[in-house]
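Tertiary structure, described
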Amino acid sequence: MSSKLSEIKHVAIIMDGNGRWAKKRLFNRIKGHEKGINAVREVVTAGREYGLKALTLYAFSTENWNRPETEVKALMSLLKNFLVNERNELNDKNIKLQAIGDIDKLPEKVRKELEITQDLTSQNDQMVLSLALSYGSRDEITSAVKKIADKALSGELNVSDIDESTISGELYTKDLPDPDIVIRTSGEIRLSNFLMWQAAYSELFFTETLWPDFGKEEFHSILKDFQNRERRFGKV
Ligand code: IPE
Ligand code: IPE
Ligand code: MG
């Protein structure tokens, strides 16, 4: 059975290729990240128009901390500006913003703007926009395991009662449905530590388009393609 557009609840995107976009134009990598913000805006607006309940964007991985300090600083500053500049519009569009990842690692200035934006939009219910920041699936699963072990040790939880929902319930994404679709731009065919538990049955889409060139037309055509895919979930 094929699915309808209205059945797509959650789309997650690995926004990749900003550096290569810039390099092709002999620009500094940072220019690519700046340009990538326009694509973020466009995809958020389109996702809401398509009636998605959740859109998750991989913006900064746990491994991205290993990039040169100047690039990390520039990314943090772009992130901060994004939060300051976009929060009112997100709020007007009834979008709730949340961050998933090891947020304590982010610079204080970014955390402050995140908190303001999260507070401002916390009651919104049209769509949840999750920014994956300092996010890594292995890190997420490791901290879930620690929390579950603590509960088992304190007697709050019986080991025999641990099931898949116990684990899902300790992930950063605990309030989100699993993604129906995971998209990666820039031609790389890997997950790079993104939503490895949650994407167990997601439909994966890889496009050669570099993130700054990704827009609503291509987004829409992926959602249309999804409708022609058959999701069997292990059944016949
Ligand atoms: C994605 O673009 C943005 C982040 C990972 C922060 P890249 O910066 O990875 O761009 P490429 O892959 O080098 O082209
Ligand atoms: C994945 O992209 C992380 C984000 C898009 C935020 P990377 O560019 O960091 O991934 P690799 O290094 O190509 O696997
Ligand atoms: Mg990359």
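Check the entry above for the structure.
In short, a report on the structure. Everything numeric here is computed off the predicted structure, so don't read it as measured data.

So, about the overall build of the protein. A tally of helices and strands in the protein yields 7 helices and 6 strands. Helices and strands appear in the protein in the N-to-C order β-α-α-β-α-β-α-β-α-α-β-β-α. With the principal axes as the frame, the protein shows a C-alpha extent of 55 × 45 × 35 Å. Relative to its 236 residues, the protein shows a buried fraction of 46%. The long-range fraction of contacts in the protein, counting pairs at least 24 apart against all pairs at least 6 apart in sequence, stands at 78%. Accessible surface, the protein as shown: approximately 12,500 Å² in total, 49% of it carbon and sulfur. Averaging the positions of the 35 positive and the 37 negative side-chain charges in the protein gives two centres separated by 5 Å.

Right, let's get into the site of ligand 2. Around ligand 2, the structure places Ile-14, Met-15, Asp-16, Tyr-58, Ala-59, Phe-60, Asn-64, Arg-67, Arg-184, Arg-190 and Ser-192. Between ligand 2 and Asp-16 there is a distance of 3.2 Å, counted from an oxygen atom to a side-chain nitrogen or oxygen. Between Arg-184 and ligand 2, the recorded distance is 3.3 Å, taken from a side-chain N or O atom to an oxygen atom. Within the complex, the protein chains bury 78% of what would otherwise be the 390 Å² of accessible surface of ligand 2. The element best represented in the shell around ligand 2 is strand β2 (residues 54-61), accounting for 3 residues. Its residues assigned to classes, the shell around ligand 2 shows 5 nonpolar, 2 polar and 4 charged.

Attention shifts here to helix α3 (residues 69-92). In a regular helix each residue adds 1.5 Å, so 24 residues correspond to 34 Å; α3 covers 35 Å between its end C-alpha atoms and thus fits that length. Its maximal kink placed at Glu-86, α3 deviates by approximately 50°. Buried within α3 are the following residues: Glu-71, Val-72, Ala-74, Leu-75, Met-76, Leu-78, Leu-79, Phe-82, Leu-83, Glu-86, Arg-87 and Leu-90. On its buried face, α3 is in contact with α2 (29-49), β2, β3 (95-100), α4 (108-121) and β4 (127-135). Positive phi appears at Asn-94, one or two residues downstream of α3, with a value of about 65°.

Glancing now at the site of ligand 1. The immediate surroundings of ligand 1 are formed by 13 residues, with Asp-16, Gly-19, Arg-20, Arg-29 and Arg-67 found nearest. Contacts to ligand 1 include Asp-16, whose side-chain N or O atom sits 2.8 Å from an oxygen atom. The contact in question runs from an oxygen atom of ligand 1 to an N or O atom on the backbone of Asn-18, over 3.2 Å. Notes on ligand 1: free accessible area 380 Å², of which the protein chains cover 86%. Contributions of two or more residues to the shell around ligand 1 are made by α1 (18-24), α2 and α3.

Now for the sheet that holds β2. Ordered by their spatial adjacency, 6 strands build an open sheet running β3-β4-β2-β1-β5-β6, and the pairing between neighbours is parallel. Where the open sheet ends on each side, the last strands, each with one partner, are β3 and β6 (203-206). Mean inter-strand twist for the sheet, computed between neighbouring axes without regard to direction, equals 20°. Two strands pair when backbone bridges link them, and β3 and β4 are joined in this way by 6 bridges, in the parallel orientation. When the sheet's bridge partners are listed, Ile-100 is paired in β4 with Ala-132.

Next up on the list: a nonpolar patch on the surface. Together, Ile-189, Leu-204 and Phe-206 make up an exposed nonpolar region whose accessible area comes to about 270 Å². Following the sequence through the fold, Phe-206 ends up in strand β6. Relative accessible area serves as the criterion here: at 34%, Phe-206 is assigned to the partly exposed category.

The next point concerns the side chain of Glu-86. With respect to the secondary-structure elements, Glu-86 resides in helix α3. According to the relative accessible area criterion, Glu-86 is buried, its value standing at 9%.

Take helix α5 (residues 137-153) next. In this model, α5 (17 residues) spans 24 Å end to end at C-alpha, consistent with the 24 Å of a helix rising 1.5 Å per residue. Looking only at α5, the buried set comprises Ser-137, Glu-140, Ala-144 and Ile-148. The arc that holds every buried residue of α5, seen down its axis, measures 65°, which confines them to one face. Turned more than 90 degrees away from the buried face of α5 sit Arg-138, Val-145, Lys-146, Asp-150 and Leu-153, all of them exposed. Against the buried residues of α5 lie β4 and α6 (164-168).

Quick notes on the rules
Residues numbered from 1 in each chain as written. Chains lettered and ligands numbered in written order. Predicted model: local features only at pLDDT ≥ 70, side-chain atom pairs only at ≥ 80, totals over all residues. Heavy atoms only, no water. Helix = DSSP H or I, 4+ residues; strand = E, 2+ residues; numbered from the N terminus. Buried < 20%, exposed > 50% of the residue type's maximum accessible area, 1.4 Å probe, protein only. Contact = heavy atoms within 4.5 Å. Areas by Shrake-Rupley, 256 points an atom, 1.4 Å probe, with all protein chains shown as cover. Lys, Arg positive; Asp, Glu negative; His and termini not counted. Charge placed at Lys NZ, Arg CZ, Asp CG, Glu CD. Near = heavy atom within 4 Å. Polar contact = N/O pair within 3.5 Å; in protein donor to acceptor, adjacent residues only side chain to side chain. Nonpolar A, V, L, I, M, F, W, Y, C, P; charged D, E, K, R; others polar. Expected span 1.5 Å × (residues − 1). Bend = angle between axes of the 7 residues up to and from the residue. Pairing = 2+ DSSP bridges. Axes fitted to C-alpha atoms, helices over the stretch in contact; angles between N-to-C directions. Patch = residues over 30% accessible without salt bridge, like charges linked within 9 Å, V, L, I, M, F, W, Y side chains within 5 Å. Salt bridge = Lys/Arg side-chain N within 4 Å of Asp/Glu carboxyl O. Arc of directions from axis to C-beta.

Read these as layout, nothing more, since geometry by itself doesn't imply function.
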